[in-house]
Amino acid sequence: MIHRRTMFADLEIPGNLFSEGSPYTFMGLPSDAEAFKSARVVILPVPYDGTTTFVPGTREGPRAIIMASRELEPYDEETETEPWRQGIFTLPELPVKISSPREMVERVKQAGLFILKHGKIPIMLGGEHLMTLGLVSSLKEFYSSENITVLHLDAHADLREEYQGSPWSNACVARRILELYPLVSVGIRSLTREEHDLVRRKAIPFYPAAQLHEKPALWNSIVENLSDNVYITIDLDVFDPSVMPSVGTPEPGGLGWYEVTGLLKQICLKRNVLGCDIMELKPIPGMVAPDFLAAKLVYKLCAYLYRRKGDLRPLDKDLTNC
Ligand SMILES: [Mn+2]
C-alpha cells in the first residue's frame, strides 16, 4: 500500500492542495498511483457547506456517498457492464476553507484542472452546490472549445444575481455558471419572479418539473438543446423528496429515479460528457436509502460514461502548475 502523500508527490500535486483526508474510496477501490494512472473517472469529494443558509450538513454528503458505495453491486444489469473496470479513482477530500467560499471555489477549480490535465473525467461529490462553479471554471480554463453546455438538474433555479448580499452563494450558482457557458435547467419548481424574467430574457432552455410531468414528450427536446460537449450538475433536490429526503431545501413534485437516469443515459449516448457533479446530499442519520441512491447515481453515471471520450483540445498553455 503506497502512502497517499508519497503517491501525490509522484504525481506532482501541490503539497497543500489535498489533505490526508478520508481513508475511504468509492466502492473501496484501490487508491495507489497505479490505480490513478489507469482510472478514467476521478471522484473529487468536497465536504463544504460554508454558505448554506437553511440547514447545514451537506459537508457530510461526500463521505456518506462513499460509505454507501461499498454496498453497490459491481455489475450494472442495465448496461451489462462492470463500470469499475474502467477505473474509478477517489481523491482524498478537498481541504475546506470555511471562511471563504470564493477561495473554496478556487480550490475546486485547481483540483479540477489537475484531473483534466491527467485526461480523466471528474465527478465531484458535494457538499454545497456553489462548488460546481469551481469545476465549471476549470473546464473554461482547460478547454479551448466554446461548444460546451452545462446541464443543470435542480429543484431551484439558482439564478439570483446575489443572495443575502453575496454573489458567492448556492442561490446564485446557476447565474455564475451562465457567465461562463450556456445553461439548460431541468426539474425546476422554485424560483423568484426576477429569476423567471431572466429565463425569458436570456431564452434559457428551461424545463420545470410540472411541464415535464404534463408533457412527457418534452424529455426528448432536452438533449437537443445541449451542445456537443456537456457538463452535468445534479442538485439532489431535483429528485422528489419521497425518494430523496436528505437535502437541505426539499421541494415536492420532483423527478423520479428512472426519469433522471433515463435522461443521463440519453445524454451520455448522444453527447460528450466532460464532467459531472452530484451535490447537496445532507445525510439523515439512520436513513441509508437516500445515501445509497446518490452512490448508485454516481455508479450509473460511470456506466453511461463507459464510452470513448471526444477529442476536445485543451487550451494551448502551460498548465503544469495546476
Ligand atoms: Mn436546489
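- Within an unreviewed UniProt entry, the label attached to the protein chain reads Agmatinase, and the organism entered is Thermodesulforhabdus norvegica.
- Reading the Sequence similarities (unreviewed entry) entry of the UniProt record for the protein chain gives the comment "Belongs to the arginase family. Agmatinase subfamily."

**A word on the overall build of the protein chain**
Right, on to step 1. When you go through the protein chain residue by residue, the secondary structure sums to 11 helices and eight strands.
Right, on to step 2. Relative to its full complement of 322 residues, the protein chain shows a buried share of 57%.
Right, on to step 3. Put simply, of all contacts in the protein chain between residues at least 6 apart along the chain, 80% involve residues at least 24 apart.
Right, on to step 4. As presented, the protein chain carries roughly 13,600 Å² of accessible surface, and 51% of it is formed by carbon and sulfur atoms.

**Concerning the environment of Asp-49**
Right, on to step 1. Positionally, Asp-49 belongs in the loop between β1 (41–46) and α3 (61–69).
Right, on to step 2. Each C-alpha atom of the pair Asp-49 and Arg-59 lies 5.4 Å from the other, and the pair is 10 residues apart in sequence.
Right, on to step 3. When sequence neighbours within four positions are dropped, the list of residues in contact with Asp-49 reads Pro-56, Gly-57, Thr-58, Arg-59 and Glu-128.
Right, on to step 4. Here Gly-57 takes part through its backbone nitrogen, which lies 2.8 Å from a polar atom of the side chain of Asp-49.
Right, on to step 5. A distance of 3.2 Å separates the side chain of Asp-49 from the backbone nitrogen of Thr-58, its partner in a polar contact.

**Section: the confidence of the model for the protein chain**
Right, on to step 1. On average, the protein chain scores 88 in pLDDT, and the residues at 70 or more come to 87%.
Right, on to step 2. Here residues 308–312 is modelled with pLDDT under 50, and outside its nearest four sequence neighbours on either side it reaches 13 contacts, counting other chains as well.

**Topic: the sheet that holds strand β5 (residues 183–188)**
Right, on to step 1. On the basis of which strands lie adjacent, the open sheet formed by eight strands has the order β2-β1-β3-β8-β7-β4-β5-β6 and parallel pairing. Two strands bound the open sheet, and with one partner strand each, they are β2 (88–90) and β6 (206–208). When the angles between neighbouring strand axes are averaged without regard to direction, this sheet yields 15 degrees.

**Notes on the pattern of salt bridges**
Right, on to step 1. Overall, the coordinates contain 14 salt bridges when judged by the stated rule.
Right, on to step 2. Across the salt bridge formed by Arg-176 and Glu-179, the nearest N and O atoms sit 3.1 Å from each other.
Right, on to step 3. For Asp-197, the salt bridge goes to Arg-200, with nearest N and O atoms at 3.8 Å. Of the two residues, Asp-197 and Arg-200 both sit in helix α7 (residues 193–201), three residues apart, roughly one turn of that helix.
Right, on to step 4. Of the residues examined, Arg-200 reaches a relative accessible area of 56% and is grouped as exposed.
Right, on to step 5. Here the salt bridges share partners, and the residues they tie into one network are Asp-76, Glu-78, Lys-265 and Lys-300.

**A few points about the UniProt feature "binding site: Mn(2+)" (unreviewed entry) in the protein chain**
Right, on to step 1. Per the UniProt entry, the sites bearing "binding site: Mn(2+)" (unreviewed entry) are His-129, Asp-154, His-156, Asp-158, Asp-235 and Asp-237 in this numbering. In sequence the annotated residues extend across 109 residues, while in space they remain close, none of their C-alpha pairs exceeding 12.3 Å.
Right, on to step 2. Its location among the elements puts Asp-158 in the loop between β4 (148–153) and α6 (173–178).
Right, on to step 3. When near neighbours in sequence (up to four residues on either side) are disregarded, Asp-158 contacts His-129, His-152, Asn-170, Ala-171, Cys-172, Val-173, Ala-174, Arg-175 and Glu-195.
Right, on to step 4. With respect to the helices, strands and loops of the structure, Asp-237 is situated in the loop between β7 (229–235) and α10 (257–270).

**A few points about the packing of aromatic side chains**
Right, on to step 1. Applying the stated criterion across every chain yields a total of five aromatic pairs.
Right, on to step 2. Judged by centre distance (6.4 Å) and plane angle (20 degrees), the rings of Phe-239 and Trp-257 are stacked. Here Phe-239, found in the loop between β7 and α10, pairs with Trp-257, found in helix α10; they are 18 residues apart in sequence, far enough to count as distant. With respect to class, Phe-239 is no different from Trp-257; both count as buried.
Right, on to step 3. One aromatic cluster is present, built from ring pairs that chain together Phe-36, Phe-89 and Phe-114.
Right, on to step 4. Taking NZ or CZ as reference, Lys-120 lies 5.2 Å from the ring centre of Phe-36, over its face.
Right, on to step 5. The residue whose ring lies beneath Lys-140 is Tyr-181, and the NZ or CZ to ring-centre distance is 4.5 Å.

Parameters and conventions
Residues numbered from 1 in each chain as written. Predicted model: local features only at pLDDT ≥ 70, side-chain atom pairs only at ≥ 80, totals over all residues. Heavy atoms only, no water. UniProt positions renumbered as here; feature names shortened; annotations may be inferred. Helix = DSSP H or I, 4+ residues; strand = E, 2+ residues; numbered from the N terminus. Buried < 20%, exposed > 50% of the residue type's maximum accessible area, 1.4 Å probe, protein only. Contact = heavy atoms within 4.5 Å. Areas by Shrake-Rupley, 256 points an atom, 1.4 Å probe, with all protein chains shown as cover. Polar contact = N/O pair within 3.5 Å; in protein donor to acceptor, adjacent residues only side chain to side chain. pLDDT = per-residue confidence, 0-100. Pairing = 2+ DSSP bridges. Axes fitted to C-alpha atoms, helices over the stretch in contact; angles between N-to-C directions. Salt bridge = Lys/Arg side-chain N within 4 Å of Asp/Glu carboxyl O. Phe/Tyr/Trp six-rings, centres within 6.5 Å; stacked < 30°, edge-to-face > 60°. Lys NZ or Arg CZ within 6 Å of the ring centre and 35° of its normal.

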